[in-house]
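# Remarks on the overall topology
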Amino acid sequence: MGGVAVDDGAPGVKAPDGGWGWAVLAGCFVITGFSYAFPKAVSVFFKELIREFGVGYSDTAWISSILLAMLYGTGPLCSVLVNRFGCRPVMMVGGLFASLGMILASFSTSIIHIYLTTGVITGLGLSLNFQPSLIMLNRYFSEKRPLANGLSAAGSPVVLCCLSPLGQVLQYQYGWRGGFLILGGLLLNCCVCGALMKPLVAPMTKDLGDKGIEKKKVKPKLLDFSVFKDEGFVIYTVAASIMVLGLFVPPVFVVSYAKELGNEDTKSALLLTILGFIDMFARPTCGVIAGLKWVRPRCVYFFSFAMLFNGTADLIGSQSKDYASLVVFCIFFGISYGMVGALQFEVLMTIVGTEKFSSAIGLVLLMEAIAVLVGPPGAGRLLDATKNYMYVFLLAGCEVVLSAMVLATCNFLFIKKKPSAPADNLESITLTDDCNMKMCSNRAEGNDDEEKGEREEQEKIIKEEKNKDNEGIDDVRPKSVTVDSQEVERFLKEPQPNGNMAASPETCL
C-alpha cells in the first residue's frame, strides 16, 4: 500500500493529533523561541557595538527593528514559497540564511553591515522558519491544537531566558564578534527543526482490478487572496493590527519606567524576568483552557477577553508609583501577554481552516509588520514630548482594549454562525462526503442500462463516420476491466484513515 507525500494540507488527510506530531511540536517550540527571543537577545551586544562603531543607541536599536520587520513583513513571500515548495525545504533554507547572517555579521566593519546581515539576512531566515512551523503544527493537530499552540508559544519566554544570559557570557568571553559567530552556529539548529517537519501521507483508494487510483488534487494557489472574502478573517486582521500597535510597548518601556521611579538597574531589569517567568506558564495553561469543549467553539471571544485583560493591565499599570506596584503589573501583564500569545494563531487557524492558513498567516503578518514599525517608535515620540511614562502605558492600553472591542463586537454583529471546533467540521465533512459518494454510486447503478444503450449508439456512429475529431468522445469501458458496483459502494463507505508521516524524502506534490 503506497502513499503520496503531501505538504499542502490535503483535506483527505486527518490530523494524527499525536505520534510524530509531538516531534513537530518540539521543533515549533524551538523555532518560536528563536523567532521572538532573538531580536531581544541581540540587544545584549549593543553597548559593544556602540563602542566599536561610534554610533548612538538609537542606531543600534534599528537592528532589532529590522529583525522584527523582516519576521513580519516577509509573510506573503514565505506563503508563496511554502505553497510552491512545501514547508520542510523552506525551513531548511531559512535555517541556513539565519545562521549565515550572524556569521557574516561577525566580520562587519560598519553598522550598515550589521543591518544587512543580522537584520535582513538573519531576519529573513527566521521568517522562513517561523511561519512554516506554525503551518505544520496546524496540520498535525486538530483536537489537541489549542494545547499544541500553547506549548509551542511557550518557546518564546523559555528561549529568551536562556539566550539573554548566554549572550552576556559570550560577550564577556569572546567579544561581540565571537558571540555573533557562536550564535550563528546555534541558529543551525533551525535546520534540524526543519528536518522534523515531515509531510503527512495521503491515503490511496483500494485496488480496483489490481490498479491503485490516486486521489486527484487541485494545485494550491501561491498566495490565496480569497481569504479577504471571509468576513471573519478581515475582522481578525483589523483587530490584530490594532492590537500590535500597543502590545509590545510595555515590555520595551517597563525597565526604563522603573529606573525613572529611582530603582537600581539590576532591580529594574528583574521586572522582565518576572514577566517572562509568568508568561512561560501562562501560555500552555491558556492552551489547555482553550481546548475545553465549552471554550473552543467560542475561542474568538476568549481571545477578545485576553486582549481586554492585557489592555486593562496597561491602563492600571500606568498609575504605578513604586516598585511593588510595577511587580504586580508585570505579573498580570505576563498572564495576559501569555494568553494573547497562545491564542492569536489558534484563532486564525479556526477562522480560515487548514487549507488557506498558509496564505492567511502571511497576509496577517504583513499587516502586523506595519503596526510593529509604528507602535513602539510612536510611543517613544510620545514619551519625548510628555516626559511621562503614564501616557505611554495609557496609549498602549487604549489600543489593545480597542482591538478587543473590535474583534468581539464585529464577530457578534456580522458573523452569524459561530465557527465550530475543527473536529466537528471534520466529522460533518466526512458525513457529507459519504452521503455524496453513496448517492453517486446509487445513481450509477440506476442509469447503467441507459448508459449501455448510449454507448452502443455512439459506437455505431463512430464506426460509420470514422471522424477522428469525435474519437475523444468515446467513453467505452474496456471489457477487460470489470467492477462490482456493490464492492465499490462498500469501499466508498469506509472512513478515511489518519495521515502518516511520509517515508520518502518528498515534501510536496
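What counts, and where the lines are drawn
Residues numbered from 1 in each chain as written. Predicted model: local features only at pLDDT ≥ 70, side-chain atom pairs only at ≥ 80, totals over all residues. Heavy atoms only, no water. Helix = DSSP H or I, 4+ residues; strand = E, 2+ residues; numbered from the N terminus. Buried < 20%, exposed > 50% of the residue type's maximum accessible area, 1.4 Å probe, protein only. Contact = heavy atoms within 4.5 Å. Areas by Shrake-Rupley, 256 points an atom, 1.4 Å probe, with all protein chains shown as cover. Axes fitted to C-alpha atoms, helices over the stretch in contact; angles between N-to-C directions. Left-handed = near helix turned anticlockwise from the far one by under 90°. Nonpolar A, V, L, I, M, F, W, Y, C, P; charged D, E, K, R; others polar. Salt bridge = Lys/Arg side-chain N within 4 Å of Asp/Glu carboxyl O. Polar contact = N/O pair within 3.5 Å; in protein donor to acceptor, adjacent residues only side chain to side chain. Phe/Tyr/Trp six-rings, centres within 6.5 Å; stacked < 30°, edge-to-face > 60°. Lys NZ or Arg CZ within 6 Å of the ring centre and 35° of its normal. Patch = residues over 30% accessible without salt bridge, like charges linked within 9 Å, V, L, I, M, F, W, Y side chains within 5 Å. Core = buried A, V, L, I, M, F, W, Y, C linked by side-chain atoms within 4.5 Å. Expected span 1.5 Å × (residues − 1). pLDDT = per-residue confidence, 0-100.

## Observations concerning the overall build of the chain
Broken down by element type, the chain carries 18 helices and three strands. Sorting the 509 residues of the chain into buried and exposed places 47% on the buried side. The long-range share in the chain, meaning contacts at least 24 apart out of those at least 6 apart in sequence, stands at 87%. When the accessible surface of the chain is totalled, it reaches about 25000 Å², and 63% of it is carbon and sulfur.

## Comments concerning the packing of helix α8 (residues 155-186) against helix α12 (residues 265-290)
The contact between α8 and α12 brings their axes to 8 Å, and the two run at 145 degrees. Remark: the crossing between α8 and α12 carries left-handed chirality. Contacts between α8 and α12 involve Ser156, Pro157, Val158 and Cys161 from the former and Gly276, Asp279, Met280 and Arg283 from the latter. Of the residues contributing to the contact of α8 with α12, the split by class is four nonpolar, two polar and two charged.

## So, the pattern of salt bridges
Using the criterion set out here, one finds five salt bridges in the structure. A salt bridge links Arg145 to Glu346, with the nearest nitrogen and oxygen atoms 3.0 Å apart. Taken together, the positions of Arg145 in helix α7 (residues 145-153) and Glu346 in helix α14 (residues 323-386) put the pair 201 residues apart, joining distant regions of the chain. Among the ionic pairs, Glu346 bridges to Arg296, the shortest N-O distance being 4.0 Å. With Glu346 in helix α14 and Arg296 in the loop between α12 and α13 (299-317), the pair connects residues that are 50 residues apart, well separated along the chain. Residue classification places Arg296 among the buried positions, given a relative accessible area of 6%.

## Some details on the side chain of Asn263
On the secondary structure map, Asn263 appears in the loop between α11 (249-260) and α12. At 2.9 Å, the side chain of Asn263 forms a polar contact with the backbone oxygen of Ala258. Aside from chain neighbours lying at most four places away, what touches Asn263 is Ala258, Ser268 and Tyr323.

## Here's the deal with the packing of aromatic side chains
The geometry of an aromatic ring pair comes down to the distance between the two centres and the angle between the two planes. Overall, the coordinates contain 16 aromatic pairs when judged by the stated rule. Each ring, one from Tyr36 and one from Phe130, has its centre 5.3 Å from the other, and the planes form 80 degrees; the classification is edge-to-face. Of the two residues, Tyr36 sits in helix α1 (residues 21-41) while Phe130 sits in helix α6 (residues 111-140), which places them 94 residues apart along the sequence. On the basis of relative accessibility, which here comes to 3%, the residue Phe130 falls in the buried class. Put simply, the rings of Tyr257, Phe329, Phe333, Tyr337, Tyr389 and Phe393 pair up and form one aromatic cluster. Positioned above the aromatic ring of Trp20 is the side chain of Lys198, whose terminal nitrogen or guanidinium carbon lies 4.6 Å from the ring centre. Above the face of the Tyr323 ring, Lys267 is positioned so that its terminal group lies 4.6 Å from the ring centre.

## Some remarks on a nonpolar patch on the surface
A contiguous nonpolar patch, built from Phe225, Phe228, Val234 and Val238 and spanning about 340 Å² of accessible area, is present on the exposed surface. Within the secondary structure, Phe228 sits in the loop between β2 (200-202) and α10 (231-247).

## Focus: the nonpolar core
Within the largest apolar cluster, 119 residues are counted, with the highest numbers of intra-cluster contacts made by Phe38, Phe180, Phe233, Phe303 and Leu348. The dominant element in this core, judged by the number of residues it contributes, is α14, at 28 residues. When residues no more than four places from it in sequence are discounted, the contact partners of Phe303 are Tyr236, Met243, Val340, Leu343, Gln344, Val347 and Leu407.

## Regarding the environment of Val340
Topologically, Val340 is positioned in helix α14. Each C-alpha atom, one on Val340 and one on Met307, is 6.4 Å from the other, the two residues being 33 residues apart in sequence. Those residues in contact with Val340, other than ones at most four positions away along the chain, are Met243, Leu247, Phe303, Ala306 and Met307.

## A closer look at α11
With 12 residues, α11 extends 16 Å between its outermost C-alpha atoms, agreeing within 8% with the 16 Å of an ideal straight helix rising 1.5 Å per residue. Within the span of α11, buried status applies to Val249, Pro250, Pro251, Phe253, Val254, Val255, Tyr257 and Ala258. Once α11 finishes, Gly262 follows within two positions and takes phi at roughly 95 degrees, a positive value.

## Considering the environment of Gly54
Mapped onto the fold, Gly54 is located in the loop between α2 (46-53) and α3 (57-73). Through-space distance from the C-alpha of Gly54 to that of Ile111 is 9.2 Å; in sequence the pair is 57 residues apart.

## Regarding the environment of Asn189
Considering the arrangement of structural elements, one finds Asn189 in helix α9 (residues 189-195). Sequence separation between Asn189 and Gly95 is 94 residues; the distance between their C-alpha atoms is 7.3 Å. Among the polar contacts made by the side chain of Asn189, one reaches the main-chain carbonyl oxygen of Leu186 at a distance of 2.7 Å.

## Considerations on the confidence of the model for the chain
Per-residue pLDDT for the chain has a mean of 77; in total, 74% of the residues score no lower than 70. Put simply, strand β1 (residues 4-6) is where the chain has its lowest mean pLDDT, 37, and helix α5 (residues 87-105) is where it has its highest, 92. The low-confidence segment residues 418-433 (pLDDT under 50) makes 14 contacts with residues lying over four places distant or belonging to another chain. Low pLDDT, under 50, characterises residues 466-483; the stretch is placed with 10 contacts to residues that sit more than four places away or in other chains.

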